[in-house]
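One-letter residues, chain by chain:
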2 protein chains.
Amino acid sequence: MSFLQPCLLVMLHQTKAHGYALLNGLEEFGFSPELLDPSLVYRALRDMEEAGLVVSEWGAVSQGPQRRVYSTTPAGEKHLEEWVADLRHTHQEIDYLIAAYERVGSTEDGGGDSG
Amino acid sequence: MSFLQPCLLVMLHQTKAHGYALLNGLEEFGFSPELLDPSLVYRALRDMEEAGLVVSEWGAVSQGPQRRVYSTTPAGEKHLEEWVADLRHTHQEIDYLIAAYERVGSTEDGGGDSG
DNA sequence: CACGCTATAGACTATATGTCAATAGGCGGA
DNA sequence: TCCGCCTATTGACATATAGTCTATAGCGTG
């Protein structure tokens, strides 16, 4: 899991948007837009729609091709809440893992970087 | 990714051990021993051995079936260092995601724990 | 009208995870 | 002795998640 779905859902939690806009927004979350294939984003959105977390509608045409505009559902908001709780848990597990890595017990290897 | 490999590698970073012992040790890292299938652990160890991160040897028999005892290689230690750095990064991304979730801008939803 | 940008979708492949069964030695109890 | 349980490890199979590549389509530019 690379946080793609939760990131998208958080963005949609803030405001409704279409896939291409979300694609650009993902840069803020640590995804490099050059490495991130657009189809991953679109698929993630479709998967979330299938799961009932978001709904979509065709946006009013302005110029260029039509946009599918997504927004969260109540179920999606609920799910996001749990997702965030889960991520807090993951956050703690990472803390524990890093602490365990640095703990390493012994007198050996006096170093221990502080950075 | 559910941190299985990095957790095992951190444990082996602390001390050499065989699979079954590591299996029990994983509880500390947030894995519930009732839900965690042992074969996942053994497979993770084999995968890491194939990748050159750990090596194994048959432990001296004491009682019961033979134990395959794992320990880290220099390459494994190097890899773990990078893994930890990566997890620090993930740690920050989770921070960002949670912050973005709570930010949500508006006057709406007064709550928001100050966690 | 060919080309590139915005915008979305689908097929196919690869990797990661999860589930289930097999093997095997030693120990306690019927 | 034989059965069932615990320790200990392995392998086959199925499912889930993620990555790559290609197709489609409207619109503006040269």
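Conventions we followed
Residues numbered from 1 in each chain as written. Chains lettered and ligands numbered in written order. Predicted model: local features only at pLDDT ≥ 70, side-chain atom pairs only at ≥ 80, totals over all residues. Least-squares fit on C-alpha atoms with pLDDT ≥ 70 in both. Contact = placed C-beta atoms within 7 Å. Axes fitted to C-alpha atoms, helices over the stretch in contact; angles between N-to-C directions. Helix = DSSP H or I, 4+ residues; strand = E, 2+ residues; numbered from the N terminus. Parallel < 35°, antiparallel > 145°, perpendicular 65-115°, else oblique. Nonpolar A, V, L, I, M, F, W, Y, C, P; charged D, E, K, R; others polar. Left-handed = near helix turned anticlockwise from the far one by under 90°. Expected span 1.5 Å × (residues − 1). Buried ≥ 20, exposed ≤ 12 C-beta atoms within 10 Å, placed from the backbone. Pairing = 2+ DSSP bridges.

Expressed as a screw operation, the relation of chain A to chain B combines 0.0 Å of axial shift with a rotation of 180 degrees, fitting to an RMSD of 0.0 Å. Here the transformation between the copies is reduced to the relation of a two-fold axis. In this assembly the copies share their binding face: 100% of the residues contributing to the interface of chain A also contribute to that of chain B.

Another point: the packing of helix α1 (residues 4-14) of chain A against helix α3 (residues 38-50) of chain A. Residue and element names in this part refer to chain A. α3 packs onto α1 with a crossing angle of 75 degrees between their chain directions and a minimal axis gap of 10 Å. With respect to their mutual orientation, α1 and α3 come out roughly perpendicular. Counted together, L4, Q5, L8 and L9 of α1 and L40, A44, L45 and M48 of α3 form the full contact between these two elements. Here the residues of the contact of α1 with α3 sort into seven nonpolar, one polar and no charged.

To continue, consider the packing of α1 of chain A against helix α4 (residues 74-103) of chain B. Where α1 of chain A contacts α4 of chain B, the two axes come as close as 9 Å, and the packing angle between them is 20 degrees. Between α1 of chain A and α4 of chain B, the interaxial angle falls into the category roughly parallel. Our pair here, α1 of chain A against α4 of chain B, has a crossing hand that is left-handed. Contacts between α1 of chain A and α4 of chain B involve P6, C7, V10 and H13 of chain A on the former and, on the latter, L97, A100 and Y101 of chain B. When grouped by side-chain class, the residues that make up the contact of α1 of chain A with α4 of chain B number six nonpolar, one polar and no charged.

This next bit is on α4 of chain B. Think of an α-helix as 3.6 residues a turn; residues three or four steps apart then line up on the same face. Taking 1.5 Å of rise per residue, the 30 residues of α4 of chain B would be expected to cover 44 Å, and the 43 Å separating its terminal C-alpha atoms lies within 8% of that figure. Among all positions in α4 of chain B, only G76, H79, V84, L97 and Y101 of chain B are buried. Check the buried side of α4 of chain B and you find it contacts α1 and α4 (74-103) of chain A together with α1 (4-14), β2 (54-58) and β3 (68-72) of chain B.

Taken residue by residue, the interface counts 23 residues in chain A and 23 residues in chain B. For the side of chain A that touches chain B, the elements supplying multiple residues, two or more each, are α1 and α4 of chain A. Element by element, the count of residues in the side of chain A that touches chain B is highest for α4 of chain A, at 12 residues.

Time to look at α1 of chain A. When you tally the buried positions in α1 of chain A, you get nine out of 11 residues, the bulk of the element. For α1 of chain A, every residue scored as buried is listed here: Q5, P6, C7, L8, L9, V10, M11, L12 and H13 of chain A.

All names here are of chain A. If you walk across this open sheet you meet the three strands as β1-β3-β2, and the pairing is antiparallel. A strand with exactly one partner marks an edge of an open sheet, and here the two such strands are β1 (17-18) and β2 (54-58). Pairing of β1 with strand β3 (residues 68-72) involves two bridges; the strand directions are antiparallel. Residue A17 lies in a different strand from β3, and its bridge partner there is Y70. Across the sheet, α1 is in contact with β1, β2 and β3; its angle to β3 comes to roughly 85 degrees.

Residues and elements named next belong to chain B. Here we have three strands laid out as an open sheet, ordered β1-β3-β2, and antiparallel in their pairing. Edge positions in the sheet fall to β1 (17-18) and β2, since each has one partner strand and no second. With five bridges joining them, β2 and β3 adopt antiparallel strand pairing. Paired with V54 across the bridge in β3 is T72.

The next subject is unusual backbone geometry. Residue and element names in this part refer to chain A. The phi dihedral of F3 falls on the positive side, at around 65 degrees, and the residue is not glycine. Assignment of secondary structure puts F3 in the segment before α1. On the neighbour-count criterion, F3 (20 C-beta atoms within 10 Å) is buried.

Moving on to the environment of K78 of chain B. Mapped onto the elements, K78 of chain B comes out in helix α4. K78 of chain B sits 49 residues away from F29 of chain B along the chain, and the two C-alpha atoms are 21 Å apart.

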